[in-house]
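Examination of the molecular architecture
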Amino acid sequence: MPLLTFPHFPSNFPSLSRFPNNRRFSPTHRCCSTAPSSADTAILWFKHDLRTDDHPGLLAASKFQSIVPVYVFDHRILSRFSDEMLELVLFALQDLRESLRDRGSDLMVRFGNAENVIQNLAAEVQATCIFVEQEVEYELLFIMDVVNQRLNSMKVSQDTPRIELWKTPFYDIKVLQNLAASYDDFEKLRLHVTTPLQLSTLPGAEMELDWGDLPAYDDVKGFMAKNQHKSSDDWTLIKETSAETLLGREMLKSSESGERSYSFRQMQSRESNESVFVTQKGNVVGGGTYNVLNALAAYLRYLEGTAREDWQEVHAKLRASESRNGASFNALFGPALSLGIISRRRVHYEAIKYEKERNGGFLPPFGYSTATIEAAVEAVFSKEWYWLLALRNQINNDEKQSTRIWRWNGFLIQYTVAGEEGPAVLLVHGFGAFAEHYRDNIHDLARAGNRVWAITLLGFGKSEKPNILYTELLWAELLRDFIVDVVGEPVHLVGNSIGGYIVAIVSRVWSVLIKSTVLINSAGNVIPRNTSLSLSRPSDRQTSGATWLGSRILLFFLRLTIQDTVKKCYPTKVERADDWLINEMLRASYDPGVPVVLESIFSFNLSIPLNYLLEYVKEKVLIIQGMKDPISDSNATIAMLKEHCDGVIIKELDAGHCPHDEVPESVNTIICGWIQKVESNILAGFPV
């Protein structure tokens, strides 16, 4: 997917910037590395695996004489969840406790930092082993690292308690380090999906313990409020309102008011004791594993019709959340998968079992027989691939570049960090690119005394590419949440091409998050000030058969012409469009979900002009323009910016569409000088 261009189509958790860049959990232990003795006690630490069904960690722990399952209400972990996700956690824990009790065990509930809780519990029950699911998210890896260090400092029965990492093997992969980098090559292996595990009984705890009560929702919110990091800007409120709503208050020519969500269409759910939609909003499937399996059965059997009210409700929600073909599965079941209420392997098993039931025990050779089966199978295949990519990267990560994973709305986002001190800088790539497109900017900016983040947006590079409706406002909200949750302080925000337009939206809507804005050959138009403005709602941008076909034709064309297309964007130093860049773009173009991302090209809306987006922050705006840009008329762009954007600083360069990668030394010098000027003025209390 070689598009570096934009085509012409109409915290509560402590800032991760404070964590050392070179500190990460080393996954050296593996499940069942040693046989337990008859007197050994194990702890099973639940995080995002809130089930007893298909749980390899529980099966391994059941071989111990005694087992103590525990869930830790750690505010650093909980702060990553929306209010609706917190509700889902509580419903899932209630079901999990009942399920464990049915099998002879129980669920312990504790509040506090995980490292303190696990260390104290290990000492209390004399645990020799702590089972915990393998993770790829950086903040969870950091917490697990601290837990591991605490355990290494103590002795139980003359030995150090060990952490045993486990995972649910979707495929039978022996050596993850050798995992194919391309999904196209991976598919050629034709690996079989493994079978879900069944669990019967569990050993209890061989001692009297205080298991704790499950808290109410208000109790959890009170606990989090008491432990949250106080900010003068109260950033916790910034994430509560969508970009569409904030922009719409000024621009929408509609008498409608109130918050709109373009992730789901709001529906009024009827009261039902058997509803699988357990939260107040009632947008997503929740409860325990049985509840989710019941909803999955209803989802898969959508074409059959039903007299059951709970299944009819699933069918109604399915129709409401189908913003594009197959998008309803992630919309309804994504949160349950993220919390591990149901495993990806179980979803696949149930979908394939139903497909065989429909076809006399066989799988059709030319695709699935219903759209819902296809949506479920493709969703878990996709999620497993990106999880494997993230895990492979974690294992193979070197010390030259700190690549991390952040989970946003249940999806895995890759980002890179460099530098230990100084102003925060966030780099945002263009369409079809990724964080590494700033390969020669990240470390130079860091060496100049900055802390630098480069993010790979949802839908690009090695970040996840889910089946959702992609819009410029969706990506703007992703950047907002990244600044709040990961960076934890205002940033100098840098964007290239469509990334520049997204950066401009963030600067307009959430200016408190921005110290300055740097646009590098940004997408977007400049129009006279007296021109009327309008904003189309993302929820109105439904896909069609034409966009489906167009995206696939475009993808085929781009793969054939990728080298020529990219080289045209580097007219001054064509050698910078090297094999590494071309090959990584080709690799990403075969990832599952790429055609869906390309469909967004046909529905992007750049009707909000740049001069409007930069109106209130223009004294803090730097424009870097490659004057040989083959995508747009740079001379006309500069002329319009000068006429309608008073106060912005403009730097012209002898380069094409991607000056930051074509002439990185020049761009780095300009950006470093700009940041120093802005920071000096901030310290002096003067405007930029």
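So, here's what we can say about the structure.

Reading the values: rules and limits
- Residues numbered from 1 in each chain as written.
- Predicted model: local features only at pLDDT ≥ 70, side-chain atom pairs only at ≥ 80, totals over all residues.
- Heavy atoms only, no water.
- Helix = DSSP H or I, 4+ residues; strand = E, 2+ residues; numbered from the N terminus.
- Buried < 20%, exposed > 50% of the residue type's maximum accessible area, 1.4 Å probe, protein only.
- Pairing = 2+ DSSP bridges.
- Axes fitted to C-alpha atoms, helices over the stretch in contact; angles between N-to-C directions.
- Right-handed = clockwise from strand over helix to strand, strands pointing away.
- Salt bridge = Lys/Arg side-chain N within 4 Å of Asp/Glu carboxyl O.
- Expected span 1.5 Å × (residues − 1).
- Left-handed = near helix turned anticlockwise from the far one by under 90°.
- Contact = heavy atoms within 4.5 Å.
- Nonpolar A, V, L, I, M, F, W, Y, C, P; charged D, E, K, R; others polar.
- Polar contact = N/O pair within 3.5 Å; in protein donor to acceptor, adjacent residues only side chain to side chain.
- Patch = residues over 30% accessible without salt bridge, like charges linked within 9 Å, V, L, I, M, F, W, Y side chains within 5 Å.
- Areas by Shrake-Rupley, 256 points an atom, 1.4 Å probe, with all protein chains shown as cover.

Looking now at the overall build of the protein. A count of helices and strands for the protein gives 23 helices and 13 strands. The proportion of buried residues among the 688 residues of the protein is 60%.

As a further point, take the pairing of strand β12 (residues 621-626). Within a regular strand, side chains alternate between the sheet's two faces. For β12, the tally of buried residues reaches 6 of 6 residues, placing the bulk of the element in the interior. Of the two faces of β12, the one carrying V621, I623 and Q625 and the one carrying L622, I624 and G626 are both buried. Two strands pair when backbone bridges link them, and strand β11 (residues 514-520) and β12 are joined in this way by 4 bridges, in the parallel orientation. Each bridged residue has a counterpart across the sheet, and for L519 the counterpart in β12 is I623. Examined bridge by bridge, β12 and strand β13 (residues 649-653) share 5 bridges and lie parallel to one another.

On to the sheet that holds strand β4 (residues 127-133), then. The strand order β3-β2-β1-β4-β5 describes an open sheet built from 5 strands, whose pairing is parallel. Two strands bound the open sheet, and with one partner strand each, they are β3 (108-111) and β5 (162-166). Within the sheet, the average angular offset between the axes of one strand and its neighbour, ignoring direction, is 30°. Taken together, the 4 bridges between strand β2 (residues 66-73) and β3 define a ladder with parallel strand orientation. Residue V70 lies in a different strand from β3, and its bridge partner there is M108.

Before going further, it helps to examine the pairing of strand β1 (residues 41-46). Burial runs high along β1: 6 of the 6 residues are buried. Alternating positions in β1 separate into two faces, T41, I43 and W45 on one and A42, L44 and F46 on the other, with burial throughout. Where β1 lies against β2, 6 bridges are found, and the strand directions are parallel. Paired with I43 across the bridge in β2 is V68. Each parallel crossover has a hand, and for β1 linked through helix α1 (residues 56-61) to β2 it is right-handed. With 5 bridges joining them, β1 and β4 adopt parallel strand pairing. Bridging across to β4, L44 finds its partner in F131.

An order of β6-β7-β9-β8-β10-β11-β12-β13 is seen for the 8 strands of this open sheet, with the pairing classed as mixed. The open sheet has two free edges, formed respectively by β6 (402-408) and β13, since each of these has just one partner strand. Averaged over all pairs of adjacent strands, the angle between strand axes in this sheet comes to 20°, irrespective of strand direction. Across 6 bridges, the pairing between strand β10 (residues 491-496) and β11 is parallel. Note that in β11 the partner of V494 across the bridge is V518.

Take the pattern of salt bridges next. Opposite charge on two side chains lets them pair, provided their charged atoms get close. Applying the stated criterion across every chain yields a total of 37 salt bridges. Here R76 makes a salt bridge to D74, at a shortest N to O gap of 2.6 Å. Relative accessible area serves as the criterion here: at 9%, R76 is assigned to the buried category. One salt bridge in this structure joins R346 and E350, with 3.4 Å as the shortest N-O distance.

Its 12 residues place the ends of helix α16 (residues 498-509) 17 Å apart at the C-alpha level, agreeing with the 16 Å of an ideal helix rising 1.5 Å per residue. Of all 12 residues that make up α16, 12 are buried, and the element is covered over most of its length. Inspection of α16 places I498, G499, G500, Y501, I502, V503, A504, I505, V506, S507, R508 and V509 among the buried residues, and these make up the whole buried set.

Running from N to C, helix α15 (residues 472-487) and α16 point in directions that differ by 65°, and their axes come no closer than 9 Å. You can see that α15 and α16 cross each other, and the crossing is right-handed. When α15 is examined against α16, the residues E472, L473, W475, A476 and L479 are found in contact with a partner set consisting of Y501, I502, V503, I505 and V506. In terms of residue class, the contact of α15 with α16 is built from 9 nonpolar, no polar and 1 charged.

Turning our eyes to something else, we now look at the environment of N611. Relative to the elements of secondary structure, N611 occurs in helix α20 (residues 610-613). Residue classification places N611 among the buried positions, given a relative accessible area of 10%. Spatially, the C-alpha atoms of N611 and D646 are 9.1 Å apart, while their sequence positions differ by 35 residues. Apart from residues lying up to four places away in sequence, N611 is in contact with N525, V526, I527, H644 and C645. Engagement of the side chain of N611 in a polar contact is seen with the backbone oxygen of I527, the distance being 2.7 Å.

On to the environment of V156, then. When you line up the elements, V156 lands in the loop between α5 (138-152) and β5. Look at V156 and you get buried, because its relative accessible area is 1%. It is 7.1 Å that separates the C-alpha atoms of V156 and A123, two residues lying 33 residues apart in sequence. Other than its neighbours up to four places away in sequence, V156 contacts A122, Q126, A127, T128 and P161.

This part covers unusual backbone geometry. Even without glycine at this site, D54 takes up a positive phi of about 50°. Positive phi outside glycine occurs at N521, with the angle close to 45°. For N521, the location among the structural elements is in the loop between β11 and α17 (545-568).

This next bit is on a nonpolar patch on the surface. On the surface, W548, L549 and I553 cluster together to form a nonpolar patch covering roughly 310 Å² of accessible area. Its place among the elements puts I553 in helix α17.

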